[in-house]
Amino acid sequence: MGPRQSFGRATIGESEQEGSGLDTFPMGSLGSFYMSCCLCVNLGLLCVVLVVLWNWRWRGGFAWDGTEAQFNWHPVLMISGLLVIYGLAAVLFRVPWGWSQKKLAWKLVHAGLMLAALMLAVVGLQAVFDVHRSLNIPSMYSLHSWVGMGAVVTFAWQWFLGLVGFLLPCSAPRLGGALKGIHVWTGQAVLMLSLAACISGINEQLFFSLDGVLAKAYSSLPAEALLANTLGVLIVAFSIVVFGILSKADWRRPNANTNDEATPILLREEAI
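A short tour of the structure in this document, coming up.

What counts as what
- Residues numbered from 1 in each chain as written.
- Predicted model: local features only at pLDDT ≥ 70, side-chain atom pairs only at ≥ 80, totals over all residues.
- Heavy atoms only, no water.
- Patch = residues over 30% accessible without salt bridge, like charges linked within 9 Å, V, L, I, M, F, W, Y side chains within 5 Å.
- Areas by Shrake-Rupley, 256 points an atom, 1.4 Å probe, with all protein chains shown as cover.
- Salt bridge = Lys/Arg side-chain N within 4 Å of Asp/Glu carboxyl O.
- Helix = DSSP H or I, 4+ residues; strand = E, 2+ residues; numbered from the N terminus.
- Buried < 20%, exposed > 50% of the residue type's maximum accessible area, 1.4 Å probe, protein only.
- Axes fitted to C-alpha atoms, helices over the stretch in contact; angles between N-to-C directions.
- Parallel < 35°, antiparallel > 145°, perpendicular 65-115°, else oblique.
- Left-handed = near helix turned anticlockwise from the far one by under 90°.
- Nonpolar A, V, L, I, M, F, W, Y, C, P; charged D, E, K, R; others polar.
- Phe/Tyr/Trp six-rings, centres within 6.5 Å; stacked < 30°, edge-to-face > 60°.
- Expected span 1.5 Å × (residues − 1).
- Contact = heavy atoms within 4.5 Å.

**Examining a nonpolar patch on the surface**
Phase 1: There is a patch of nonpolar side chains on the surface, built from Met140, Leu143 and Trp146 and spanning about 360 Å² of accessible area.
Phase 2: Here Trp146 lies in helix α6 (residues 143-166).
Phase 3: Take Trp146: its relative accessible area is 56%, and that puts it in the exposed class.

Below, the structure written as structure tokens:
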């Protein structure tokens, strides 16, 4: 295998600066990659549309006044940020169009999207805690709340490690290499925790709302339940596609041979 064909084990010479990135992509895989990316984006958008529709049509819309309408921001922001934006940002480095460009720009876009996702998740948590405090509802007692908080805390820790290990000019030269495995592992953990939190949250909300007294019973599968269940299936499908893209070794961005210990970590091109 020549140096221009290696994926993460050897260098790719000058193709990082001069090639389009497509010449290093496995033969026959480009179409599959872009089909997977298209499916990923469309599933993510459908998840956002359905969670907004659910809370607008059946849960009373949106507000920020300590009522249940404020609570409706919680599922919208958590699914949009902690799952969809997070998942799309995770596959960003797989896009071959960017392989020929400086990785620093893509790192900054990746970090920016992750920060936006984290901020949405924090606001989503604030929404639910405000409502619980206003209505005297206990917090952090359910499995859903434990898993969801674990996802946000792990996410915040991962983002901080990524900032320290891959973006700050003052970072120790060997720190990025030491943190790379942890960064990747925690990223996968966050996505799994987010998936579990979203699914359990949807189910919990349906059991609370469709109790057979104030609304039709969940077991009778009213229209709201059908839509929310469909949302859950789409969330699972989105997560599967994201994991599939990330697990494909041939779709990983090749490393450039610039990991010189004398080079400031911000300027090096190591893969994340």
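**Some details on the packing of helix α2 (residues 30-57) against helix α8 (residues 223-247)**
Phase 1: Running from amino to carboxyl end, α2 crosses α8 at an angle of 150 degrees, the nearest separation of the two axes being 9 Å. In this view, α2 runs roughly antiparallel relative to α8, as classed from their interaxial angle. Taken as a pair, α2 and α8 cross one another with a handedness that is left-handed.
Phase 2: Per-class residue counts for the contact of α2 with α8 are 21 nonpolar, 3 polar and 1 charged.

**Digging into the packing of aromatic side chains**
Phase 1: Inspection of the entire model under this criterion finds 7 aromatic pairs.
Phase 2: Between Phe62 and Trp73, the aromatic rings sit 4.7 Å apart at their centres with planes inclined by 40 degrees, giving tilted as the arrangement. With Phe62 in the loop between α2 and α3 (68-71) and Trp73 in helix α4 (residues 73-90), this residue pair connects regions lying 11 residues apart in the sequence.
Phase 3: The class of Trp73 is partly exposed, set by a relative accessible area of 30%.
Phase 4: Ring plane angle 25 degrees and centroid distance 6.0 Å describe the contact between Trp157 and Phe160, whose orientation is recorded as stacked.

**Quick notes on the pattern of salt bridges**
Pairing is possible between side chains of opposite charge, provided their charged atoms come close.
Phase 1: If you walk through the whole model with that rule in mind, you get 2 salt bridges.
Phase 2: A salt bridge links Glu224 to Arg59; the nearest nitrogen and oxygen atoms lie 2.8 Å apart. Of this pair, Glu224 sits in helix α8 while Arg59 sits in the loop between α2 and α3, and the two are 165 residues apart along the sequence.
Phase 3: With relative accessibility at 4%, the residue Glu224 sits in the buried group.

**Comments concerning α2**
Phase 1: If you check α2, its first and last C-alpha atoms are 40 Å apart, about what 28 residues at 1.5 Å a residue would give, namely 40 Å.
Phase 2: Residues Phe33, Ser36, Cys37, Cys40, Leu43, Gly44, Cys47, Leu50, Val51, Trp54 and Asn55 constitute the buried set of α2.
Phase 3: Where α2 is buried, its residues meet α4, α7 (175-209) and α8.

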